[in-house]
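Tertiary structure, described
Here's the letter readout for the chains.
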Amino acid sequence: MPGIITITTDFGGVYPAIMKGVIASIAGDVRTIDITNALPPGDISHGAFILRYASGYFPAGTTHLAIVDPGVGSERRALVIIGEACQFVGPDNGLLMPAARAQGRFRAYEITGLDFYTKKVSPVFHGRDVFAPAAAMIAAGRAVPGLKEIDDPVDLDFGTPEIEGATIAGRVIYVDDFGNVVTNIGGDALRGFYYLGEPLDVNGWPATFVSTFFEGREGELLVLAGSHGMAEIAYKGGSAAVMAGLSGGAEVVITPKKA
Amino acid sequence: MPGIITITTDFGGVYPAIMKGVIASIAGDVRTIDITNALPPGDISHGAFILRYASGYFPAGTTHLAIVDPGVGSERRALVIIGEACQFVGPDNGLLMPAARAQGRFRAYEITGLDFYTKKVSPVFHGRDVFAPAAAMIAAGRAVPGLKEIDDPVDLDFGTPEIEGATIAGRVIYVDDFGNVVTNIGGDALRGFYYLGEPLDVNGWPATFVSTFFEGREGELLVLAGSHGMAEIAYKGGSAAVMAGLSGGAEVVITPKKA
Amino acid sequence: MPGIITITTDFGGVYPAIMKGVIASIAGDVRTIDITNALPPGDISHGAFILRYASGYFPAGTTHLAIVDPGVGSERRALVIIGEACQFVGPDNGLLMPAARAQGRFRAYEITGLDFYTKKVSPVFHGRDVFAPAAAMIAAGRAVPGLKEIDDPVDLDFGTPEIEGATIAGRVIYVDDFGNVVTNIGGDALRGFYYLGEPLDVNGWPATFVSTFFEGREGELLVLAGSHGMAEIAYKGGSAAVMAGLSGGAEVVITPKKA
């Protein structure tokens, strides 16, 4: 069974296909599967969440190539992470860390010589010249030249919500294509503090705690535990992000509705 | 030769990739091919047309995974359809039926125990926890546990145009990415009632019956038999949907131009 | 190792998937990789550049299926190009030529009988009925019936910039998803005439010659040699195309800033 490389980027356009060409040139029967190439440009936190969420559903042995890299061309290191279950390749800016931690123990390596695949490394497209070749070699079972183990990869987490009484204050991690707002508040916290059908208040807007979109009424905010396990704010028949004025990083305060 | 699973959804975002991860975990060498993941949310009729059209071009043995599922989390049944030529997996809301009928005889089954793959079935993402696992098992030649044959799957058709004299009244099934309007009027009906080059009237707008986009003039509505066999309204150099104010479900009345 | 077919079109929607179904029906284990299906409709020059750029990264033996075909249904010929390194299939309108030339020597063939795969060739979807079947046969090592060698395929090039003193006048080939403007000015010309960090003037707008996005300041135009080897105009924190009013075909004049 040939290996799998997943691809998670903010590239858009033709750039992911260029990487697939490089991968096919190095490891012809490795399959590539796009997780997404439409991340908001430079939004490392959003990318890290998507990678952590999606990578959990791929089989052991998968190599995850992820690039949201506003520092391309700077001194930021190029990372390879070899984990118990799977591998990660991408920039050393925190993007890979939540996913790497979620899959078990791992070791992190810097790619010390970026020109291991081509002598002409573009300063603006490490995806093509550094990261894709490294991922292809790993997926094909070959060593990436020049790896040096490091113990200080740049870290990133999604923050911890604050809880006071039955009020939970977290933040928006990202907004999906439906306008649903994904937060850093765990679905378990919702279930611990609220009952299904309870009227809530989200940043001052009336809402209801439900278990599925199906239960809600048109025209009201819904709070539910999303499929990724985190609290999500939805709006039946529209965009919760628009209705409640929420975007990435914004604070979300959920509290029971005052009587 | 490994099996093929096609994917047709209104999911957008990262959700199709999650399903591909689940499929790769169950059936590593099954290939997935996206038909589309950009259907208008909840538009079952549009999805059903696309699935019927596209599935006809895939080889026998293909498993078609299709999800437009506004009722997810409700009591709607989860369907497996085993046909003479190919298989279908998705919600029991009519989405699969036109495609299933078009491929020959078939039997329909309800998935009675939704937790056959994971004990924690998300009420909001049956694609990941129910439909993708079922499609992967079928494509890998394994039995899906708990199937029960049913004889009353929810049906759907695209309606039958009304014909009076040389006037055909049908409706819009969907609008494609070029703004071309696809109707439920068969291309054969066009050819039966009109001659190539004939001036027509479409909902009061001047139009011409042509056989290809190439023949039309810039700035005029064109009526032609589309590649899917249905009558299509196009506008050279723009969007017919915008120019003629047509969207999904709208009535389309085609008649010869009055002298 | 199964063959690879790349796909480059302006189709959008479900049409690329239909072609993948046809390809899978003819050559089940050939893999398809999308280069892009979101080219601006009918923009042959843009498509030719993308195909030339991307095809260079795919392994020898790859078959490139490319369709930007405003003349579909007219008398334009259907082309197969067999090159030293790889093959191309698409309309005879110049789309394939820059890529074909870049890969070495080649021979060009007209597909004389378009109905070699299906007797009902749609006049509006040669992608499905002519080009995809031809590409699948080639990728599977089978002969396409009715090929006739020709010596006059329609040609296309990207023009040659004019240089006067240290002023370079070229033109926009296309604008990418970030709003970066790709020109027909070679990156080597930039390096020959300007020094890194030199203040420039682009169509009257202040700019700086840099080697990476990382070096530029927010809110200024950047001129750099892009990853494809051509001069690119970028805007830190926004769209250079919007900021400088540049779109496909527009003239771009780069000159050192007057003191």
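Scroll up to find the structure this text is about.
All values derive from a computational prediction rather than experimental measurement.

**Description of the overall build of chain A**
Secondary structure summary: chain A contains six helices and 15 strands in total. In terms of overall dimensions, chain A is globule-like: its C-alpha atoms have a radius of gyration of 20 Å, near the 18 Å expected for 259 residues. Each principal axis of the C-alpha atoms in chain A carries an extent, and together these give about 70 × 35 × 35 Å. Here chain A holds 259 residues, and the buried ones make up 58% of them. Restricting to contacts in chain A with at least 6 residues of sequence separation, those with at least 24 account for 65%. Approximately 10000 Å² of chain A is accessible, and the part contributed by carbon and sulfur atoms is 52%.

**Section: the relation of the copies chain C and chain A**
Comparison of the two chain copies shows a relationship of rotation about an axis with a shift along it. If you rotate chain C by 120° and push it 0.0 Å along the axis, it lands on chain A with an RMSD of 0.0 Å. The transformation relating the two chain copies, once decomposed into turn and shift, fits a three-fold axis. Ranked by how close their C-alpha atoms come to the rotation axis, the residues of chain C are headed by Arg31 of chain C, at 5.2 Å. Different-surface contact between copies: only 4% of interface residues of chain C are shared with the interface of chain A.

**Topic: the interface of chain C and chain A**
Residue-level contacts link 25 residues of chain C with 28 residues of chain A. When chain C packs against chain A, close to 2000 Å² is buried across both sides, 68% of that on carbon and sulfur atoms. Broken down residue by residue, the surface that chain C buries against chain A is led by Tyr57, Phe178 and Phe214 of chain C, which jointly contribute 27%. Inspection of the region where chain C meets chain A yields zero salt bridges. Taken together, the links from chain C to chain A amount to six residue pairs in polar contact (both at pLDDT 80 or more). Looking at the side of chain C that touches chain A, the elements with two or more residues in it are β2 (31–36), α2 (44–55) and β13 (221–225) of chain C. At four residues, β2 of chain C tops the list of elements feeding residues into the side of chain C that touches chain A.

**Some details on the packing of aromatic side chains**
Tallied over the entire structure, the rule returns 21 aromatic pairs over all chains. With a centroid separation of 5.5 Å and an interplanar angle of 75°, the aromatic rings of Phe49 of chain C and Phe158 of chain C are classed as edge-to-face. Taken together, the positions of Phe49 of chain C in helix α2 and Phe158 of chain C in the loop between β7 (147–150) and β8 (162–164) put the pair 109 residues apart, joining distant regions of the chain. Taken individually, Phe49 of chain C and Phe158 of chain C each receive the classification buried, so the pair is uniform in this respect. Where Phe49 of chain C meets Tyr174 of chain C, the ring centres are 5.5 Å apart and the plane angle is 50°; that geometry is what we call tilted. In this pair, Phe49 of chain C is assigned in helix α2 and Tyr174 of chain C in strand β9 (residues 167–175), connecting sequence segments 125 residues apart. The pair formed by Phe49 of chain C and Tyr174 of chain C is uniform in burial state, with each residue classed as buried. Through a chain of ring-to-ring contacts, the aromatic side chains of Phe11, Tyr15 and Phe125 of chain A assemble into a single cluster.

**Things to note about the pattern of salt bridges**
Following the criterion strictly, the structure yields 34 salt bridges over all chains and no others. With a closest N to O distance of 2.7 Å, Asp34 of chain B and Lys20 of chain B form a salt bridge. Here Lys20 of chain B lies in helix α1 (residues 15–26) and Asp34 of chain B lies in strand β2 (residues 31–36), a separation of 14 residues in the sequence. Take Asp34 of chain B: its relative accessible area is 26%, and that puts it in the partly exposed class. Exposure remark for Lys20 of chain B: the relative accessible area of 11% places this residue in the buried category. The salt bridge partner of Glu84 of chain C is Arg105 of chain C, with a shortest N-O separation of 3.5 Å. Within this pair, whereas Glu84 of chain C is found in the loop between β4 (78–83) and β5 (87–91), its partner Arg105 of chain C is found in the loop between α3 (97–102) and β6 (106–111), the two being separated by 21 residues in sequence. Across the pair, exposure class does not vary: Glu84 of chain C and Arg105 of chain C are exposed alike.

**As for the pairing of strand β2 (residues 31–36) of chain A**
All names here are of chain A. The pairing of strand β1 (residues 4–9) with β2 spans five bridges and is classified as parallel. By the bridge assignment, Ile5 is partnered in β2 with Thr32. The β-α-β motif built from β1, the intervening helix α1 (residues 15–26) and the parallel element β2 has right-handed crossover chirality.

**Quick look at the interface of chain A and chain B**
Tallying the contact residues gives 25 residues for chain A and 28 residues for chain B. Taken as a group, Tyr57, Phe178 and Phe214 of chain A account for 27% of the area that chain A buries against chain B, more than any other trio of residues on that side. Across the contact surface, chain A and chain B share zero salt bridges. One can count six residue pairs in polar contact (both at pLDDT 80 or more) joining chain A with chain B. When residues of the side of chain A that touches chain B are traced back to their parent elements, those giving at least two are β2, α2 (44–55) and β13 (221–225) of chain A. Broken down by element, the side of chain A that touches chain B gets its largest block of residues, four residues, from β2 of chain A. Here the residues of the side of chain A that touches chain B are counted per class, giving 16 nonpolar, five polar and four charged.

About the criteria used
Residues numbered from 1 in each chain as written. Chains lettered and ligands numbered in written order. Predicted model: local features only at pLDDT ≥ 70, side-chain atom pairs only at ≥ 80, totals over all residues. Heavy atoms only, no water. Helix = DSSP H or I, 4+ residues; strand = E, 2+ residues; numbered from the N terminus. Rg over C-alpha atoms; globule rule 2.2 N^0.38 Å. Buried < 20%, exposed > 50% of the residue type's maximum accessible area, 1.4 Å probe, protein only. Contact = heavy atoms within 4.5 Å. Areas by Shrake-Rupley, 256 points an atom, 1.4 Å probe, with all protein chains shown as cover. Least-squares fit on C-alpha atoms with pLDDT ≥ 70 in both. Buried area = accessible area lost by both parts, 1.4 Å probe. Salt bridge = Lys/Arg side-chain N within 4 Å of Asp/Glu carboxyl O. Polar contact = N/O pair within 3.5 Å; in protein donor to acceptor, adjacent residues only side chain to side chain. Phe/Tyr/Trp six-rings, centres within 6.5 Å; stacked < 30°, edge-to-face > 60°. Pairing = 2+ DSSP bridges. Right-handed = clockwise from strand over helix to strand, strands pointing away. Nonpolar A, V, L, I, M, F, W, Y, C, P; charged D, E, K, R; others polar.

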